[in-house]
Amino acid sequence: MSSVQGTARLFVSLKFSPREHLVAAVSRLVSEFCGLVMDNKDTAWRFHMAAQELAENVTKYATSKDVSLEVEMTSLDGVNVMRVTSRNETTPERLLETARRLDAIKNAEDPVALYDRLVRESAPVPGISGLGLARIRAESDLLVDYSIEGTELSITVHSPVNLREGA
Amino acid sequence: MSERGLTPIIQEGFTARADVAGERLVFKLTGTGDMAAVKPLERALHEIHAEVAHRGLRAVDIDITALYLLNSSCLKALVSFIYAIMTAGPRYDVRFLTDARLSWQTRSLSVVARMAPELVSITAKT
């Protein structure tokens, strides 16, 4: 199988109902896969955290009965790239708000400073954190992209990774 | 743990309990801090703040060495806990205990320490 970014070594799509108890199971699958193929436990944890935040986001904000999380490992010229993509349908208002946040996160010259600011701003506000996407970029160093088609939002986190020998 | 008591959190995949040791309250979290843990954690931190004020304790240790995930909503609960100390008082120190082998723990909590460096410290246990 080949994709725009190179030869796919692995592609898994998990389609699930946006229910809280399924989030942990889905993110654990990503974690176990990363732990098996990556040569660095901390890199595997970064993808686990990102998968957890993405899966929680789609569960909280989806308006459709199904959402998905895709895991893709590609290889091009000896460089392996891991991608995790969430897809969900949501409201136009939510799409606008998420796009605004994601543009700020994607284009931030200093993702940690942005995250610190959002944390300070959220501190007095009870309830929903709204910090998950900013956290992914600031804490995991993963790159974040997104696209919107109609009412479907896709968010991808990705990074080159080193694989274990024989993986 | 006291005549007032702090109810331990015991649920599938996540537990938390508080104990007083001298002038410190030690709050130990175990398992996975995911969506199911958020509400119980918020409640427990609220109770801890009241208990520390009631007993006049000087510090709280939050031990996350046995925690394998902390989602952003659980982090937000910790942020709100620190914010309450900063704004409503009483003021006391908060020390996070992390496992030095799990570098994500210190990395995840550093945002809380940056928010209130005068109150919050992180100690990585080897």
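Keep in mind the model is a prediction, meaning the values are calculated, not measured. (Residues numbered from 1 in each chain as written. Chains lettered and ligands numbered in written order. Predicted model: local features only at pLDDT ≥ 70, side-chain atom pairs only at ≥ 80, totals over all residues. Heavy atoms only, no water.)

Student: I'm lost on helix H3 (residues 92–107) of chain A in this one. Help?
Tutor: Every α-helix winds through 3.6 residues per turn, so residues three or four apart in the chain are directed the same way. All names here are of chain A. Compared with an ideal rise of 1.5 Å per residue, which puts 16 residues at 22 Å, H3 spans 22 Å between its outermost C-alpha atoms and is within 8% of the ideal. Taken residue by residue, H3 has Leu-95, Thr-98, Ala-99, Leu-102 and Ile-105 as its buried positions. Looking straight down H3, one finds its buried side chains confined to an arc of 130 degrees; they lie on one side. Of the residues in H3, the exposed ones pointing more than 90 degrees away from the buried face are Glu-93, Leu-96, Arg-100 and Asn-107. For H3, the elements touching its buried residues are helix H4 (111–122), helix H5 (132–140), strand S5 (143–149) and strand S6 (152–161). (Helix = DSSP H or I, 4+ residues; strand = E, 2+ residues; numbered from the N terminus. Expected span 1.5 Å × (residues − 1). Buried < 20%, exposed > 50% of the residue type's maximum accessible area, 1.4 Å probe, protein only. Arc of directions from axis to C-beta. Contact = heavy atoms within 4.5 Å.)

Student: Quick question: what am I supposed to make of the nonpolar core here?
Tutor: Note on soluble globular proteins: their nonpolar side chains tend to be buried together. Counting 89 residues, the largest nonpolar core has A:Met82, B:Phe27 and B:Ile62 as the members making the most contacts within it. With nine residues, helix H2 (residues 41–61) of chain A is the single largest residue contributor to this core. Not counting residues within four places of it along the chain, the set of residues in contact with B:Phe27 comprises B:Ala16, B:Arg17, B:Ala18, B:Leu41, B:Ala44, B:Leu45, B:Ile48, B:Asp61, B:Ile62 and B:Asp63. (Core = buried A, V, L, I, M, F, W, Y, C linked by side-chain atoms within 4.5 Å.)

Student: Is there a simple way to explain the pattern of salt bridges in this structure?
Tutor: Pairing between side chains of opposite charge can happen when the charged atoms of each approach one another. Summed over all chains, the structure comprises 20 salt bridges over all chains. Notably, a salt bridge pairs A:Arg135 with A:Glu53, separated by 2.8 Å at the nearest N-O pair. Taken as a pair, A:Arg135 in helix H5 and A:Glu53 in helix H2 lie far apart in primary sequence, 82 residues in all. The same class applies to A:Arg135 and to A:Glu53, which are both buried. Linking B:Glu42 and B:Lys39 is a salt bridge whose minimum nitrogen-to-oxygen distance equals 3.5 Å. Within this pair, B:Glu42 and its partner B:Lys39 are both found in helix H1 (residues 35–55), separated by three residues, close to a single helical turn. Given the relative accessible area of 26%, B:Glu42 is considered partly exposed. A relative accessible area of 51% places B:Lys39 in the exposed class. Three or more residues are tied together by salt bridges with common partners; here these are A:Asp42, A:Arg46 and B:Arg107. (Salt bridge = Lys/Arg side-chain N within 4 Å of Asp/Glu carboxyl O.)

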